[in-house]
Amino acid sequence: MTDDTLLAARGLTFRFGAIPALVSVDAELWPGEVLAVVGESGSGKSTLLNVLSARLRPDSGVVWYRDPAGELHDLHAMPESTLRALHRSDWGFVHQNPRENLRMTVSAGGNVGERLMARGARHYGNIRAEAIEWLSQVEIDPGRIDDLPRTFSGGMLQRLQIARTLVTHPRLVFMDEPTGGLDVSVQARLLDLIRSLVARLNIAVVLVTHDLAIARLLANRIMVMQRGRVVEAGLTDQVLDDPQHPYTQLLVSSVLQA
Amino acid sequence: MTVMLRTEGLAKLFVLHLQGGVRIPVLRDVDFEVRAGECVAISGPSGSGKTTLLRSLYGNYRADGGRIWVRHDGALLNLAAAPPRTVVAVRARTLGYVSQFLRVVPRVPALDIVADAARDMPHEEARRRAAALLSRLNISPRLHPLPPATFSGGEQQRVNLARGFIGDRPVLLLDEPTASLDENNRDIVVQMIIEAKSSGIAVVGIFHDLVVRRKVADRLYEITPLQDAA
C-alpha cells in the first residue's frame, strides 16, 4: 500500500455455501484510476465489487479505505451509519439495472436532487439548478426534468442513474456492467460519457464487466478472475495483448471480431 | 547526446497454452539504444520480431528477461520491472507510440481523440494543436468533428499519427507509420519525423518503405530471427 492508495483489499475470501466466490483476493486502487474486473459469469467479479463496496462482508480478509482527510479505515469495521454516509456522498454505485438505484415514482430531477439533499443541500432553487445541469451533462433534455423515469428508455435510465450517482462528486464509483443490456449504439454513447466524466472529474472506478473491449477502452488496469481467484492482473493493454495465464489466453482468443 | 532508451539483454518468449504450451522465443539478448534527436530503424525479415520489440519497448508486451531503461522525468527507469501505474505515467509524459491500428471509443470526434492525447496542455490549446496537426496531415476540418470509425485506412492512420505526435513526448515509437499513406502524405510524415528529431525527440521505428527509412533513420538495428526452440 502506498501513501495515496484509495482502496486496498488483502486476502479476501467469501463462500456461497460450498462454492468459493472469492479466494484470497488482493486488490489496490489509486485516485483517478479505472480498474476493470473481468471474467465469466460466476467468476466472482460481482461478489468482489460488493465486498469492496462494503455491501457484503467477507468471510475473511480486510478492505482498507482512505477517507478525504487521508485516514485509513477498515471498511468492514466501520459503523453502519458511517458506511451509509459514504455511499451517499464520497462513493457511488452504478448498477447494471438502473431501477435498482432510481426511484421510479419520483421525477428525473427529484432522483438527481435527492442525493444532494441526502448530503445536506436544502435550497430548492440550487438543487433544481444542479439537477438541470447534470441532466444536460448526461445528455438528457432538461425539459424532461419533471417526468417520471418510467417514461424513459433504457439508455436514458442508465444516464439518469449516472447523473444521480455523480452529482455529489464522489471520489470512488463502483460500476457493475454499466452498459449491459443496452443496444450497441446506446452503449457507445454511454461509454463516451463515462470516459469523459471520469477523466474530467478525476474519479476512481472499479468496473465489473464481462466485455473485454469495454475494459480496454475505459480501464488503466485490469484483473482477470476465474472461479473466485485473480489469475492475472496488470496494465490493461498488456494483459489483453500479451496474456500469460491459460484462462486469460482463452478469454482473449474467444472474443468475436466485429 | 543523452541516451533516452536502452535495452539490456531483453528477451521475449510467447507460451501458447491453448496450443499445448508451445514455446516461441522471439527476442533474446537484445541490446540497443537510442539517443535524443536520433532515429533508429528496426530492420529484419518478416516474422523476425520487429513489432514484438517495439511493443515490448512500450510495455504492451511483457518482457521476460532483461531491462528496458527509459529516461523518464530526467532519470533512467526500468520499464520492464515497473508497476502498471508507473508505466501509465511513463506513457503519459515520456513514451509515445503510433500503432498501425486506431482503437478508440466509438462516437468520439477525431479532434477530441487527438486533443486527449496531448500532455498537460490547457484544453483549448490542445484542441488548437490537434486541429493544426490534423490539417497538416490533410484531414480536412470538415472531418475533425466526426468519429474516425468511417474514415479510410489512410485517414485513420493519420489520426493515429496526430495522436502520437501531439504530446511532443521525448521518445516516440512508430510501427510502420506510412504503411497505408500515399506519396504526398508520406512526405509530410517524413518531414514531421525529421522535425521531431531536430527538436531532440528520440525515434524508434519500423519502416518497410525504404525511401522513408533512408530519409529518417540514422542507424539500423538488425533483428536476426531466432530458431524455434519448441
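Residues numbered from 1 in each chain as written. Chains lettered and ligands numbered in written order. Predicted model: local features only at pLDDT ≥ 70, side-chain atom pairs only at ≥ 80, totals over all residues.

**Q** In this structure, what is going on with the nonpolar core? I would like to understand it.
**A** Nonpolar side chains tend to gather and get buried jointly when the protein is soluble and globular. Ranked by internal contacts, the top residues of the largest apolar core, which has 136 residues, are V37 and L207 of chain A together with V114 of chain B. The dominant element in this core, judged by the number of residues it contributes, is helix α5 (residues 154-166) of chain A, at six residues. Of the domains in this structure, domain 1 (7-90 + 171-253) and domain 2 (106-169) of chain A are the two that each give at least three residues to this core. Sequence-distant contacts of L207 of chain A, that is, excluding residues within four places in its chain, are made with V34, L35, A36, V37, M175, L218 and A219 of chain A. (Core = buried A, V, L, I, M, F, W, Y, C linked by C-beta atoms within 7 Å. Buried ≥ 20, exposed ≤ 12 C-beta atoms within 10 Å, placed from the backbone. Helix = DSSP H or I, 4+ residues; strand = E, 2+ residues; numbered from the N terminus. Domains from an automatic or database assignment. Contact = placed C-beta atoms within 7 Å.)

**Q** How should I be thinking about the interface of chain A and chain B in this particular structure?
**A** Counting from both sides, the interface comprises 19 residues of chain A and, opposite them, 14 residues of chain B. Secondary structure elements with two or more residues in the side of chain A that touches chain B: α6 (184-201), β10 (229-235), α8 (236-241) and α9 (246-253) of chain A. If you tally residues by element for the side of chain A that touches chain B, the top one is α6 of chain A, at five residues. Grouping the amino acids of the side of chain A that touches chain B by side-chain chemistry returns seven nonpolar, five polar and seven charged. (Nonpolar A, V, L, I, M, F, W, Y, C, P; charged D, E, K, R; others polar.)

**Q** Where do I start with the sheet that holds strand β1 (residues 3-16) of chain B in this structure?
**A** Paired through their backbone hydrogen bonds, the strands of a sheet run either parallel or antiparallel. Residues and elements named next belong to chain B. Spatially, four strands are ordered β2-β1-β4-β5 in an open sheet, and the strand pairing comes out antiparallel. In the strand order of this sheet, the two ends are held by β2 (22-35) and β5 (75-78), each with one partner. Taken pair by pair, the neighbouring strands of this sheet meet at an average axis angle of 25°, ignoring direction. The sheet contact formed by β1 and strand β4 (residues 65-72) spans five bridges and is antiparallel. (Pairing = 2+ DSSP bridges. Axes fitted to C-alpha atoms, helices over the stretch in contact; angles between N-to-C directions.)

**Q** What should I look at first to understand the environment of D146 of chain A in this one?
**A** All names here are of chain A. Note that D146 resides in the loop between α4 (124-137) and α5. Taking C-alpha positions, D146 is 14 Å from Y124, a pair spaced 22 residues apart along the chain. Look past the residues within four positions of D146 in its chain and what remains in contact with it is S107 and G109.

**Q** Would you mind showing me how to read the packing of helix α3 (residues 108-118) of chain A against α5 of chain A here?
**A** Each pair of packed helices gets described by two things: the angle between the helix axes and the distance between those axes. Residue and element names in this part refer to chain A. Interhelical geometry of α3 versus α5 gives an angle of 25° and a closest axis separation of 7 Å. Our classification of the angle between α3 and α5 gives roughly parallel. The way α3 lies across α5 gives a crossing that is right-handed. Touching A108, N111, V112 and R115 of α3 are L160, A163 and R164, all from α5. The residue makeup of the contact of α3 with α5, split by class, is four nonpolar, one polar and two charged. (Parallel < 35°, antiparallel > 145°, perpendicular 65-115°, else oblique. Left-handed = near helix turned anticlockwise from the far one by under 90°.)

**Q** Just to check I follow, could you spell out the environment of F14 of chain B for this structure?
**A** All names here are of chain B. Note that F14 resides in strand β1. Of the residues examined, F14 has 15 C-beta atoms within 10 Å and is grouped as partly exposed. As a C-alpha pair, F14 and V26 span 12 residues in sequence and 7.5 Å in three-dimensional space. Beyond its immediate stretch of four places on either side in the chain, F14 contacts I24 and V26.

**Q** Where do I start with the sheet that holds strand β7 (residues 172-176) of chain A in this structure?
**A** Residue and element names in this part refer to chain A. Strands sit in the order β6-β7-β8-β3-β9-β10 across an open sheet of six strands; the sheet is mixed. Looking at the sheet topology across the chains shown, the edges are occupied by β6 (91-94) and β10. Sheet twist, expressed as the average angle between the axes of neighbouring strands with direction ignored, equals 15°. In this structure, β7 lies alongside strand β8 (residues 204-208), joined through five bridges in parallel fashion. Bridged to V173 within β8 is V205. Each of β3 (34-38), β7, β8 and β9 (221-226) touches helix α1 (residues 45-52); the most contacted strand, β8, lies at about 150° to it.

Any functional reading would require information that these geometric values do not contain.
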